[in-house]
Amino acid sequence: MVELRFDEAKCEQCEGVNCLVRCKHLNLDVDTAREEMRKIINGQHSFVLDRCVTCYACEEYCPFGNHPFYLIVERQEQEGMLLAPRAITNQWINLCEPVGRYSVGKIQERALSLCYIPAFTDLVGGKLFEDVAASFFIGPEFFCNVVYLHFARASVIRERLPKVVENIAALGMKEVIFLHDECYGSFKSLAPAYGIPVPFKVTHYFEYLYDRLKQLSGQLKPLNMKVAYQRPCSSRLIPETDHYVDDIFSLLGVERVNRTYDRQNALCCSAIVRLNMGPEGRDMANDNQSKNIEDMLQAGVEHCVFNCPYCYMALSEKVAAKGVKPIHMIELCRLALGEEPAKGVMGYGRYQ
Amino acid sequence: MADISSALTEIVGKGYVSQQAQERYFYSQDPGLMQPHEPDYVVLPASADEVQRVVKLANEQKIPVVPRGGGLSLTGLAIPQRGGILVDMRRMDRILEVNERARYAVVEGGTSEGRIIAYLERHHPTLRHSIPDAPPQATLVGNAAIHGQGRLAQQYGFTSDMVTGLEVVLPTGELCKIGSCSMSPYWFSKGPPLPDMSGLFLGWIGTSGIITKIGFKLYPRKKLRDVETFVTDLPDLIPDIVFKLTHLEMVEDINIWFQPLPLMFKGNHHMDIYLTGDTDEELEFKRRMVWNALSEYIEAKDGGFMWLMPDVKPTFMEMPQKSIARFADVRKGGGFQYAGPIILVEKYPDCARKTEELGSKYKLGYSVMARMIGRGHCMMFGFAFTFNRANSDEMDRVRKALDEAIEFSLEHGGLPWKPTVDEQRAAMDMMDPNTLKLFGKLRKALDPNGIMNPGNWEVS
Ligand SMILES: Cc1cc2nc3c(=O)[nH]c(=O)nc-3n(C[C@H](O)[C@H](O)[C@H](O)COP(=O)(O)OP(=O)(O)OC[C@H]3O[C@@H](n4cnc5c(N)ncnc54)[C@H](O)[C@@H]3O)c2cc1C
């Protein structure tokens, strides 16, 4: 099984211990943060392991790209911690066990990864995807497994990821466009952190959308919308992709409002917090969600743009109930192209 | 017997009697495992008067009479074991009255669940009845005649507990009213404060008469409804969890299910806890109470609430639950049967383990589905197995597994629900002899010629 490559020396040099000091859920001063981080590195118990809500933010706060979050998760598992109740943890592990329930389209040089999220199939239509829509794959065999970071089960990732990379590579494409930050993050950031070679080009769908929109720019009708963007936790694994949100919005004539809970200060959708913890986790999740939606309302937006399907599933009905229409990034682009919105679970058609 | 046929035609009209082979074949079976047996005649009466005349004729001629609703009770209860006249009640499907303030309705004896659901939704959106998860063509009388349980069973008990009056054609042909309707224009009570005679018909699977009208309670239908699914891998905790949940007096329905496939469900027991409210605040308050009640299990990491995403939630919210019918056809060829004893909730862990054991012993796809009845007074524990009707070996294995399941549950103090003929015999063998004697006397008094659904509950 592959091992995490974590560089202790980099951590020793660090002055700010940003990973823990900036954490929204810990509220630590530098000295305590350093002490706790040292304990974590040395394999001793730290309260940080208990209080971590697995929001991935420390991964982004680390100035050295040293993967503190992956280390925390490794340690949680070494201590045999259960973040979610056992039954829920097993349910998720079993959900994505590869058992031959996958589907592969007509693979070309470039392929689309729909992860193991059937709701994506509704979204990848129209002009944006006309050249690649048929070249897709979906199923647990190709599932990135990053979600197990939320369950302190990095071992599942370490065990499954090499085979997943192999399965994808065996399809024979040169480049894969990933529609989910977690997938992109796992092949761009997590696989290298575990020393797993990735023999295909890893492209984020934002980059793909941006290029495609430029090609179709003559057909774009500016949307003139003020929107809130719901930045997902997994975007913290790949902060270098966030600028595409602004780039795409400017092509579409959309304003990403300045609000408290965006960019590095984004609030996680809290689906996992609700899943993992008891009533106080539920209250925390409700509280986070209310604060987030209130923040959107104060910014005067009509739409909330989602990137991650799970954020969408956790928040879409709640934002809609407050009069803010949820829309996935792909649907937003299709709207600017004057295309019919999708009707499925993540389709904008449900809210028109 | 051309004269019987023409006498029946005389009663119900030409298009509503049949001796045709295809109709006799159709009515000889149900979707379960019981051996088929053909009726000699099939009739579809349109009124209580027609039912009365059919029964009088049968009684004179000593011909068996078997009433049938949707024919979906699965254990052969509407299969005419001794032939005779099969009375398909489904032409008698009128909704006769809804008393909104007293919250009851009166319908004819062949009215389907689907019709009642649609009618209430359209005309009385603040009222609901207890909907079982049977396909919508099942009839309400069929459900009451077998002591079925619907979505409100946890709050208000068996469907038969919700009955507010009956009109019955006795085996000797008299038309008889039971409950408040016997002396008042109102159908609000099946007995009290009078001596309650509804017990002579409810749960008697058509062996004591044909129900031509039924009154039943309606309940408030809140504007909002939601479900939370609590999941644990420790079946031994279930009785305690149910006790805590029912103590809240806030939960609509509680269903527990356990099945090995798809893989994500393996090893876990899922408790669907339904909640209702008129406002978000009311619903949220109840959700919070439920979470708080179960917090100790979550903190111990022994159980937690599953995330029901928007793409799966509608399946959980359906009434009736189509997923049960889908499970019924999982092996293709549409075979499905469950033994569903009514048993104490404390027996859940033993019954769940027994289901697993039977599944592996007989190499069968299995599923457990348990519905709480009353505030945990008891539950219906369904040992369910699927089969392909074209595979006789598989059907045989299912029969054996179900026999063992029933034997096991009787040993554990349970009672057979909608028992097959064999299970009825086993139950009568275990019954207190004086109880059995009384049962025999009542049967004889009501049905001196033994014409009503013979083969069932026969006290020798
Ligand atoms: C997929 C599936 C899910 C199910 N889920 C549930 C559930 O959640 N809860 C539940 O309780 N059941 C359930 N059932 C079992 C059954 O279908 C229901 O109980 C249903 O309500 C029975 O009604 P029916 O009209 O089909 O009855 P039938 O099978 O037609 O009749 C049942 C019995 O009542 C007698 N009878 C019928 N009409 C009359 C009458 N007018 N007068 C006197 N006797 C009469 C019949 O002779 C027979 O003995 C399920 C079945 C299936 C296939």
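Quick notes on the rules
- Residues numbered from 1 in each chain as written.
- Chains lettered and ligands numbered in written order.
- Predicted model: local features only at pLDDT ≥ 70, side-chain atom pairs only at ≥ 80, totals over all residues.
- Heavy atoms only, no water.
- Helix = DSSP H or I, 4+ residues; strand = E, 2+ residues; numbered from the N terminus.
- Rg over C-alpha atoms; globule rule 2.2 N^0.38 Å.
- Buried < 20%, exposed > 50% of the residue type's maximum accessible area, 1.4 Å probe, protein only.
- Domains from an automatic or database assignment.
- Contact = heavy atoms within 4.5 Å.
- Buried area = accessible area lost by both parts, 1.4 Å probe.
- Phe/Tyr/Trp six-rings, centres within 6.5 Å; stacked < 30°, edge-to-face > 60°.
- Lys NZ or Arg CZ within 6 Å of the ring centre and 35° of its normal.
- Near = heavy atom within 4 Å.
- Polar contact = N/O pair within 3.5 Å; in protein donor to acceptor, adjacent residues only side chain to side chain.
- Areas by Shrake-Rupley, 256 points an atom, 1.4 Å probe, with all protein chains shown as cover.
- Nonpolar A, V, L, I, M, F, W, Y, C, P; charged D, E, K, R; others polar.
- Salt bridge = Lys/Arg side-chain N within 4 Å of Asp/Glu carboxyl O.
- 1 Å grid on protein atoms, 1.4 Å probe; cavity = no way out; pocket = protein on both sides within 12 Å on 5 of 7 lines; lining within 4 Å.
- Points joined across faces, edges and corners; volume = space filled by probe spheres on them.
- Pairing = 2+ DSSP bridges.
- Axes fitted to C-alpha atoms, helices over the stretch in contact; angles between N-to-C directions.
- Parallel < 35°, antiparallel > 145°, perpendicular 65-115°, else oblique.
- Left-handed = near helix turned anticlockwise from the far one by under 90°.

Draft legend 1. Fine view of the overall build of chain B. What chain B contains, in helices and strands, is 15 helices and 19 strands. A compact globule built from 460 residues should have a C-alpha radius of gyration of about 23 Å, and chain B, at 22 Å, falls within 12% of that. Its C-alpha atoms give chain B principal-axis dimensions of roughly 75 × 55 × 45 Å. Residue burial in chain B is summarised as follows: out of 460 residues, 58% are buried.

Draft legend 2. Seen up close, the domain arrangement of chain A. All names here are of chain A. What the domain assignment reports for chain A is domain 1 (8-78), domain 2 (86-208) and domain 3 (212-351). For domain 1 and domain 3, the distance between their C-alpha centres works out to 28 Å. Each partner contributes residues to the interface: domain 1 has 12 residues there, and domain 3 has 14 residues. Carbon and sulfur atoms make up 58% of the surface buried where domain 1 meets domain 3, a total of about 1,100 Å² over both sides. Looking at the side of domain 1 facing domain 3, the largest losses of area belong to Lys24, Tyr56 and Glu60, adding up to 51% of the total buried there.

Draft legend 3. Focus on the packing of aromatic side chains. For the structure shown, the criterion picks out 30 aromatic pairs over all chains. Ring centres 4.8 Å apart and planes at 90° place the aromatic pair B:Trp257 and B:Phe265 in the edge-to-face group. Each member of the pair, B:Trp257 as well as B:Phe265, is classed as buried. These aromatic residues form a ring-pair network of at least three members: A:Tyr56, A:Phe69, A:Tyr70 and A:Tyr194. Sitting above the plane of the B:Tyr16 ring, B:Arg91 keeps its charged end 3.2 Å from the centroid.

Draft legend 4. How the structure looks around the site of the ligand. Residues and elements named next belong to chain B. Close contacts around the ligand come from 35 residues, with Pro67, Gly69, Gly70, Ser73 and Thr139 the closest. One nitrogen or oxygen atom from the main chain of proline 67 is found 2.6 Å from an oxygen atom belonging to the ligand. At 2.7 Å from an oxygen atom of the ligand is found a side-chain nitrogen or oxygen belonging to threonine 139. Burial of the ligand by the protein amounts to 97% of the accessible area it has alone, namely 970 Å². Tallied by class, residues from the shell around the ligand come to 18 nonpolar, 13 polar and 4 charged.

Draft legend 5. Spatial organisation of the interface of chain B and chain A. Each side of the interface is counted separately: chain B has 28 residues, and chain A has 30 residues. Summed over both partners, the interface of chain B with chain A buries about 2,500 Å², with 61% contributed by carbon and sulfur atoms. Among the residues of chain B in contact with chain A, B:Trp291, B:Lys301 and B:Trp307 are the three that bury the most area, contributing 31% of the side total. For the pair chain B and chain A, the number of links is 5 salt bridges. A salt bridge links B:Asp302 to A:Arg86, with the shortest nitrogen-to-oxygen separation between them at 2.9 Å. Remark: the boundary between chain B and chain A carries 10 residue pairs in polar contact (both at pLDDT 80 or more). For the side of chain B that touches chain A, the secondary-structure elements that each account for two or more residues are strand E12 (224-232), helix H8 (280-293), helix H9 (295-299) and strand E15 (303-305) of chain B. Considering every element that reaches the side of chain B that touches chain A, the biggest residue donor is H8(B), with 5 residues.

Draft legend 6. Local environment of empty space enclosed by the protein. All names here are of chain A. A full pass over the atoms with the stated rule returns 6 cavities of 30 Å³ or more. Empty space within the largest cavity amounts to approximately 180 Å³. Residue assignment for the lining of the largest cavity shows that the elements contributing at least two residues are helix H1 (8-13), helix H2 (18-21) and helix H3 (30-41). Among the elements that take part in the lining of the largest cavity, H3 stands out by supplying 4 residues, more than any other. For the lining of the largest cavity, the class distribution of residues is 11 nonpolar, 2 polar and 3 charged.

Draft legend 7. Structural context of the sheet that holds strand E9 (residues 325-328) of chain A. All names here are of chain A. The sheet built from 4 strands is open, its strands ordered E7-E6-E8-E9 with parallel pairing. Edge positions in the open sheet fall to strand E7 (254-256) and E9, since each of these has one partner strand only. Adjacent strand axes in the sheet meet at a mean angle of 40° when their direction is disregarded. Summarising the sheet, strand E6 (residues 225-230) and E7 pair through 3 bridges and their orientation is parallel. Within E7, the position partnered with valine 227 by the bridge is arginine 256. Along the sheet, helix H12 (residues 243-252) contacts E6, E7 and strand E8 (303-306); its crossing angle with E7, the most-contacted strand, is approximately 150°.

Draft legend 8. Structural detail: the pattern of salt bridges. A full pass over the atoms with the stated rule returns 59 salt bridges over all chains. We note a salt bridge from B:Glu284 to A:Arg282, for which the minimum N-O separation is 2.9 Å. With B:Glu284 in helix H8 and A:Arg282 in helix H14 (residues 279-298), this pair bridges two chains. Classification of A:Arg282 as buried rests on a relative accessible area of 1%. The salt bridge partner of A:Arg334 is A:Glu339, with a shortest N-O separation of 3.3 Å. Here A:Arg334 matches A:Glu339 in class, with each residue buried. Through salt bridges with shared partners, one network takes in A:Glu60, A:Arg231, A:Arg236, A:Asp242, A:Asp246, A:Arg256, A:Asp262 and A:Arg263.

Draft legend 9. Quick look at the layout of surface pockets. In this structure, the second largest pocket spans a volume of roughly 1,300 Å³. Elements with a contribution of two residues or more to the lining of the second largest pocket: helix H13 (271-276), H14 and helix H15 (309-321) of chain A together with E12, H8 and helix H10 (313-317) of chain B. Residue contributions to the lining of the second largest pocket peak at 7 residues, all from H14(A). Looking at the lining of the second largest pocket residue by residue, the class counts come to 19 nonpolar, 4 polar and 15 charged.

Draft legend 10. Region of interest: the packing of H3(A) against helix H6 (residues 68-78) of chain A. Residues and elements named next belong to chain A. At a minimum axis distance of 10 Å, the contact between H3 and H6 shows a crossing angle of 60°. Taken together, the axis directions place H3 and H6 in an arrangement best described as oblique. Between H3 and H6 the crossing geometry is left-handed. Facing Met37, Ile40 and Ile41 of H3, the residues of H6 in contact are Pro68, Leu71, Ile72 and Arg75. In the contact of H3 with H6, the residues fall into 6 nonpolar, no polar and 1 charged.

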